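# Summary of the model geometry
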Amino acid sequence: MRLLLLFISIIMLGCSSSPAQVVEINASRNAALSQLELANHAANRGRFSEALSILEEGRRLAVSADDPELRIRTAISLGDILFSLGRTEEAFSRWESAALEGDAFNRPGLAALARIHGIRGSLFLLAEGEAGGITGSRTDLRPDLRQILPAARQDPLTNAAWYLTLGLAERQAGQWAEAEAAVRNALDIYERNRSLEDSAYAWFVIGSIRSLGGNYGGALNALQASISIDRRIENSYGLATSWQAIGDVYSKMGLSDDARAAFTRSAEIFRAIGFNERAELLENI
């Protein structure tokens, strides 16, 4: 009888009219963030198709959770990946929608980051002799960047992205000293935050600035700095790209044997990670 009464008491306590406490659930958001990080890692290593597949699932999870920050971040990264795949119109659409969502949900720093990526995309098109993107036919995009600087300063890594993009804009304008100074500001932030992939890329950009400005020795030093970091993080795509850039610098210097050695090393790395077409192009230079 006592056992029966105890059982009934437990059941009654379980059916109490007091509201049960619900613990906040972050499963979809955590999964979306994990997918975003995996996609960015794959993209930084040149595996853009793989990155797109990963991020499409991350984007689905971010949308299902209706998380504004993750929606914006996944849209920005989707724009980056689509741009790398040559789907430029879709990329600019993603960046623009991310910026507008940042405005709508009072995320000025993320809105600024989306606009930075859009401006960077336009600069890459200009460097290839094309125009378009979010900036139309204009070639000086420094005023666009200055408009969003206050919002970009709210987050260190967004501020670094702003400086790096300013460096690309100064490079486009042929202002070599100003371009390197801007990228060095980005590099300082990346190094303080121990962001090795971004630091390696910043050195790569400095190498390109010095090369365009005729400072070939300085360009080689910068590219070797990029290689040193990429070796530490085993970023084979970054290594292959930097060796290719070193070959280009040696070619400008008229050092054909050194250029050939650098192109061969680049081709070997590209082939080792499955980029056979890139390797073949370098082997036939």
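Everything numeric in this text was worked out from a predicted model, so none of it was measured.

### Some words on the pattern of salt bridges
- If you walk through the whole model with that rule in mind, you get 13 salt bridges.
- Where Glu50 meets Arg47, a salt bridge forms, and the shortest distance between an N and an O atom there is 2.8 Å.
- With a relative accessible area of 37%, Glu50 lands in the partly exposed category.
- The exposure class assigned to Arg47 is partly exposed, which follows from its relative accessible area of 33%.
- Residue Arg184 is joined to Glu180 by a salt bridge in which the shortest nitrogen-to-oxygen separation is 3.2 Å. Pair noted here: Arg184 and Glu180 are both in helix 10 (residues 176-192), with a separation of four residues, about one helical turn.
- Residue classification places Arg184 among the partly exposed residues on the basis of a relative accessible area of 34%.
- For Glu180, a relative accessible area of 16% corresponds to the buried category.

### Details of the environment of Ile227
- As for its placement among the helices and strands, Ile227 is situated in helix 12 (residues 216-232).
- Owing to a relative accessible area of 0%, Ile227 belongs among the buried residues under this scheme.
- Leave out the neighbours within four places in its chain, and Ile227 touches Leu239, Ser242, Trp243 and Ile246.

### Thoughts on the confidence of the model for the chain
- When pLDDT is averaged across the chain, the result is 90; 89% of the residues are at 70 or more.
- Per-residue pLDDT stays below 50 along residues 1-18; that stretch engages in zero contacts with residues further than four places along the chain or on separate chains.

### So, the packing of helix 14 (residues 256-272) against helix 15 (residues 276-283)
- For the pair helix 14 and helix 15, the least separation of the axes is 8 Å and the interaxial angle reads 165°. The orientation of helix 14 with respect to helix 15, classified from their angle, is roughly antiparallel. For the element pair helix 14 and helix 15, the recorded crossing hand is left-handed. Between helix 14, through Arg260, Phe263, Ser266, Ala267, Phe270 and Arg271, and helix 15, the contact on the second element is made entirely by Asn276, Arg278, Ala279, Glu280, Leu282 and Glu283.
- The class makeup of the residues in the contact of helix 14 with helix 15 is five nonpolar, two polar and five charged.

### Quick look at the packing of aromatic side chains
- Taken as a whole and assessed by the stated rule, the structure comprises 10 aromatic pairs.
- When the centroid spacing of 5.7 Å and the interplanar angle of 40° are considered together, the rings of Phe83 and Trp95 count as tilted. With Phe83 in helix 4 (residues 68-84) and Trp95 in helix 5 (residues 88-104), this pair connects stretches of sequence that are 12 residues apart.
- According to the relative accessible area criterion, Phe83 is buried, its value standing at 17%.
- Judged by relative accessible area, which is 3%, Trp95 ranks as buried.
- Where Tyr237 meets Phe270, the ring centres are 6.0 Å apart and the plane angle is 75°; that geometry is what we call edge-to-face. Taken as a pair, Tyr237 in helix 13 (residues 236-252) and Phe270 in helix 14 lie far apart in primary sequence, 33 residues in all.
- The class for Tyr237 is buried, based on a relative accessible area of 17%.
- What links up through ring pairs into an aromatic cluster is the set Phe48, Tyr237, Phe270 and Phe275.

Conventions adopted
Residue positions are given per chain, counted from 1 along the sequence in the order it is written. Under the rules for a predicted model, residues below a pLDDT of 70 receive no local features and side-chain atom pairs below 80 are neither given nor counted, while totals for whole chains, interfaces and linings still include all residues. Excluding hydrogens and water, the side-chain values take into account all heavy atoms of the structure. Every case where a carboxyl oxygen of Asp or Glu lies within 4 Å of a side-chain nitrogen of Lys or Arg is listed as a salt bridge. Only protein chains enter the accessibility calculation, which uses a 1.4 Å probe; a residue is then buried when its area is under 20% of its type maximum, exposed when over 50%, and partly exposed in between. Helical segments are the DSSP runs of H or I of at least four residues, strand segments are the runs of E of at least two, and each set is numbered from the N terminus. The criterion used for residue contact is that any of the two residues' heavy atoms lie within 4.5 Å. The pLDDT value expresses, per residue, how confident the predictor is, ranging between 0 and 100. Angular values range over 0 to 180 degrees, each being the angle between N-to-C directions of two axes fitted as lines to C-alpha atoms, with helices fitted over their stretch in contact. Oblique is the label for any angle not under 35 degrees, not over 145, and not in the 65 to 115 range, which are roughly parallel, roughly antiparallel and roughly perpendicular in turn. In a left-handed crossing the near helix is turned counterclockwise from the far helix by less than a right angle, and in a right-handed crossing that turn is clockwise. The nonpolar class holds Ala, Val, Leu, Ile, Met, Phe, Trp, Tyr, Cys and Pro. Asp, Glu, Lys and Arg form the charged class, and all remaining residues, Gly among them, are polar. Pairing of aromatic rings covers Phe, Tyr and Trp, the last counted by its six-membered ring, and requires centre-to-centre distances within 6.5 Å; plane angles under 30 degrees mean stacked, over 60 mean edge-to-face, and any other angle means tilted.

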